[in-house]
Amino acid sequence: MKLKSKLPHIGTTIFTEMSALANEHKATKLAQGFPDVEVDPKLQQYIIEAMNKGLHQYAPMAGLPLLLEALERKINTRNNRSVVAKEEVTVTPGATYGIYTALATIIETGDEVIILEPAYDSYSPNITSLGGIVRKVSLQDKDFSVDWNAVKAVINDKTKAIIINTPHNPTGSVWQASDFEALKDCVRDTNIYIISDEVYEYLSFDESKHISVLEDDELYERAFIVFSFGKVLQATGWKIGYNVAPKKLTAEFRKMHQYLAFSVNSLGQYAIGHYLMNDSTLDTLNDSFSKKRDLFLELFAPLPFTVPFKSQGSYFQLLSFEGLSQSFDKDYAILLTKEAGVASIPVSSFYEEKKDQKLLRFCFAKNEDTLITAANKLKQYFKV
Ligand SMILES: Cc1ncc(COP(=O)(O)O)c(C=O)c1O
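Residues numbered from 1 in each chain as written. Predicted model: local features only at pLDDT ≥ 70, side-chain atom pairs only at ≥ 80, totals over all residues. Heavy atoms only, no water.

Student: An account of the overall build of the protein chain is needed here, citing residue identities and associated values.
Tutor: Of the regular secondary structure elements, the protein chain holds 15 helices and twelve strands. Computed over the C-alpha atoms, the radius of gyration of the protein chain is 21 Å, within 12% of the 21 Å expected from 2.2 N^0.38 for a compact globule of 384 residues. When each of the 384 residues of the protein chain is scored for burial, the buried share is 57%. A separation of at least 24 residues holds for 76% of the contacts in the protein chain among residues at least 6 apart in sequence. Just so you have it, the protein chain exposes about 17,100 Å², and 50% of that area is on carbon and sulfur atoms. Charged side chains of the protein chain number 42 positive and 48 negative; the gap between the two group centres comes to 4 Å. (Helix = DSSP H or I, 4+ residues; strand = E, 2+ residues; numbered from the N terminus. Rg over C-alpha atoms; globule rule 2.2 N^0.38 Å. Buried < 20%, exposed > 50% of the residue type's maximum accessible area, 1.4 Å probe, protein only. Contact = heavy atoms within 4.5 Å. Areas by Shrake-Rupley, 256 points an atom, 1.4 Å probe, with all protein chains shown as cover. Lys, Arg positive; Asp, Glu negative; His and termini not counted. Charge placed at Lys NZ, Arg CZ, Asp CG, Glu CD.)

If you want it as structure tokens, here you go:
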């Protein structure tokens, strides 16, 4: 038998590749976007409590009532929207799944979906494998802002959706209110859905404030909004997130969800539900992570990289090696992993056509010691 691949041009993700290389060379891992900071002991305690209570069976399809209640409260206060969680919130096994399921809910063969590159690498293969067509629009080179005229230019009768992501992986840019106004101009009087990837919602720095699609009536009526507990609770291995969408869209989303995952592990839902209700320190994240970004920039300042754009949010800071090497960015990232012992992600991996801007993405969501070790290894390598 011969299997015809639905994704013939896709190999292993760069994250798996660079993590494996980092392991092989015992490199400091600033590549894949996972923190190495301690998970809040209170959250860990709730998992033990859930175990002791014997919560080992299926949770309800849409989510554990306690967690849905906590999310309703969170959305009402933080995102300024009064939602009925039973009808509008679905707990998912992570945001990647939430994005796929939202796409599966709406895409019909030949539908076009706009993505803004560089983009999180699941979007494009998800669209393609569902029979959709990817319409790529590049962010502007200098500050990674959206070229709204370019977005308008690709919209046509076949456009089914646009995927947006703020705070942004990999660039660390954060959308302004004017971006949301421009987005509204693009989708008004159309049938275009919005899939809003807000996994770094608690991580926006300095004056940049995260604005959620939840805050805007006109956008919310056509939106699937995707969140990840992994990213904000520093527990990416838990793979739990949630999707918020208006009642009618949620009903369709759940038709897909009930035959994909059906439900999400009960232990994690119990723990996160109790944590959000009683102990959440999520509102302090902006502060602690902006300090990590500042430490990263300070430690890396003596190195011969340049900072093309100071991260305004997310786990990531881009550095440019323009002038240091002519190598393709992926080859340079491999070289630094093998020879300097520090792993990063080449930004070309976030473009389907592997556009090389001589940029590397570093994850600063790390302990102080990890960042110091990485900087010292690079200082030794560059002899500075
Ligand atoms: C922009 C973006 N969306 C989604 C995800 C995935 O989140 P999860 O681990 O909850 O699937 C990531 C992880 O790196 C991401 O950077």
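Student: Give me the packing of helix 13 (residues 285–300) against helix 15 (residues 368–382): which residues, what numbers.
Tutor: One can describe the packing of helix 13 onto helix 15 by two numbers: an axis separation of 9 Å at closest approach and a directional angle of 20°. Relative to helix 15, helix 13 is oriented roughly parallel. Like other packed secondary-structure pairs, helix 13 and helix 15 cross with a definite hand, here right-handed. Contacts from Lys292, Leu295, Phe296, Leu299 and Phe300 in helix 13 reach Glu368, Leu371, Ile372, Ala374, Ala375, Leu378 and Lys379 in helix 15. Of the residues in the contact of helix 13 with helix 15, the class split is nine nonpolar, no polar and three charged. (Axes fitted to C-alpha atoms, helices over the stretch in contact; angles between N-to-C directions. Parallel < 35°, antiparallel > 145°, perpendicular 65-115°, else oblique. Left-handed = near helix turned anticlockwise from the far one by under 90°. Nonpolar A, V, L, I, M, F, W, Y, C, P; charged D, E, K, R; others polar.)

Student: Which residues make up the side chain of Thr92, and what are the values?
Tutor: Here Thr92 lies in strand 2 (residues 89–92). Assessed through its relative accessible area of 1%, Thr92 is described here as buried. Excluding anything up to four places from it in sequence, Thr92 contacts Tyr97, Gly98, Lys239, Ile240, Gly241, Tyr242, Asn243, Phe253 and Val264.

Student: Account for the packing of aromatic side chains, with residues named and values stated.
Tutor: Describing an aromatic ring pair means giving the distance of the ring centres and the angle of the ring planes. Tallying each qualifying case throughout the model produces 23 aromatic pairs. With 5.8 Å between their ring centres and 75° between their planes, Tyr120 and Tyr123 make a pair best called edge-to-face. By relative accessible area, Tyr120 is classed as partly exposed at 23%. With a centroid separation of 5.8 Å and 15° between ring planes, the pair formed by Phe289 and Tyr315 is classed as stacked. Here the residue Phe289 occupies a position in helix 13, and Tyr315 occupies one in the loop between helix 13 and strand 9 (316–320), the gap between them amounting to 26 residues. (Phe/Tyr/Trp six-rings, centres within 6.5 Å; stacked < 30°, edge-to-face > 60°.)

Student: Go over the nonpolar core with me, naming the residues and quoting the values.
Tutor: Judged by nonpolar contacts, the single largest core of 128 residues is most densely connected at Val244 and Phe300. It is helix 12 (residues 266–278) that provides the largest number of residues to this core, a total of seven residues. Mapped onto the domain boundaries, this core takes at least three residues apiece from domain 1 (14–39 + 283–382) and domain 2 (41–278). Sequence-distant contacts of Phe300, defined by excluding residues within four places in its chain, comprise Leu30, Leu319, Phe362, Leu371, Ala374, Ala375 and Leu378. (Core = buried A, V, L, I, M, F, W, Y, C linked by side-chain atoms within 4.5 Å. Domains from an automatic or database assignment.)

Student: How would you summarise the sheet that holds strand 12 (residues 359–363) if you had to cite specific residues and measurements?
Tutor: Reading across the sheet, the three strands line up as 9-12-11 and stay open at both edges, with antiparallel pairing between neighbours. Each of the sheet's edge strands pairs with one partner strand only, and the pair in question is strand 9 and strand 11 (345–346). Pairing geometry for strand 9 and strand 12, over five bridges, is antiparallel. Note that in strand 12 the partner of Leu319 across the bridge is Leu360. On top of the sheet, helix 14 (residues 329–340) reaches strand 11 and strand 12; it is set at about 45° to strand 12, its chief contact. (Pairing = 2+ DSSP bridges.)

Student: Go over the pairing of strand 2 with me, naming the residues and quoting the values.
Tutor: Burial of the side chains of strand 2 extends over both faces: Val89 and Val91 are buried on one face and Thr90 and Thr92 on the other. Across four bridges, strand 2 lies against strand 8 (residues 241–244) in antiparallel orientation. Counterpart to Val91 in the pairing with strand 8 is Tyr242.

Student: Summarise the site of the ligand; cite the residues concerned and give the values.
Tutor: Surveying the vicinity of the ligand reveals the residues Gly94, Ala95, Thr96, Tyr120, Asn165, Asn169, Asp197, Val199, Tyr200, Ser228, Lys231 and Lys239. Here an oxygen atom of the ligand and a backbone polar atom of Ala95 are 2.8 Å apart. Between the ligand and Asp197 there is a distance of 2.6 Å, counted from a nitrogen atom to a side-chain nitrogen or oxygen. Protein coverage of the free-state accessible area of the ligand, which is 400 Å², stands at 93%. A class-by-class count of the residues in the shell around the ligand yields four nonpolar, five polar and three charged. (Near = heavy atom within 4 Å. Polar contact = N/O pair within 3.5 Å; in protein donor to acceptor, adjacent residues only side chain to side chain.)

Student: Run through the pattern of salt bridges, naming residues and quoting values.
Tutor: Scanning the model with the defined rule gives 21 salt bridges in all. A salt bridge links Arg78 to Asp283; the nearest nitrogen and oxygen atoms lie 3.6 Å apart. Here Asp283 lies in the loop between helix 12 and helix 13 and Arg78 lies in helix 3 (residues 65–78), a separation of 205 residues in the sequence. Salt-bridge contacts for Glu181 lead to Lys184; the nearest nitrogen and oxygen are separated by 3.4 Å. Highlighted residues: Glu181 and Lys184, both in helix 8 (residues 177–187), separated by three residues, approximately one helical turn. Residue Glu181 is classed as partly exposed on the basis of its relative accessible area, which comes to 42%. The network of salt bridges with common partners includes Lys74, Arg78, Glu201 and Asp283. (Salt bridge = Lys/Arg side-chain N within 4 Å of Asp/Glu carboxyl O.)

Student: With reference to specific residues and values, describe helix 13.
Tutor: An α-helical segment advances 3.6 residues per turn. Residues three or four places apart therefore align on the same side. The end-to-end C-alpha distance of helix 13, which contains 16 residues, comes to 22 Å, matching closely the 22 Å that a straight helix rising 1.5 Å per residue would cover. Looking at helix 13, one finds that the buried residues are Leu285, Phe289, Ser290, Lys292, Arg293, Phe296, Leu297, Leu299 and Phe300. Summarising the contacts, the buried residues of helix 13 are in contact with helix 10 (229–232), strand 9, strand 12 and helix 15. (Expected span 1.5 Å × (residues − 1).)

This is a description of form; function is not addressed.
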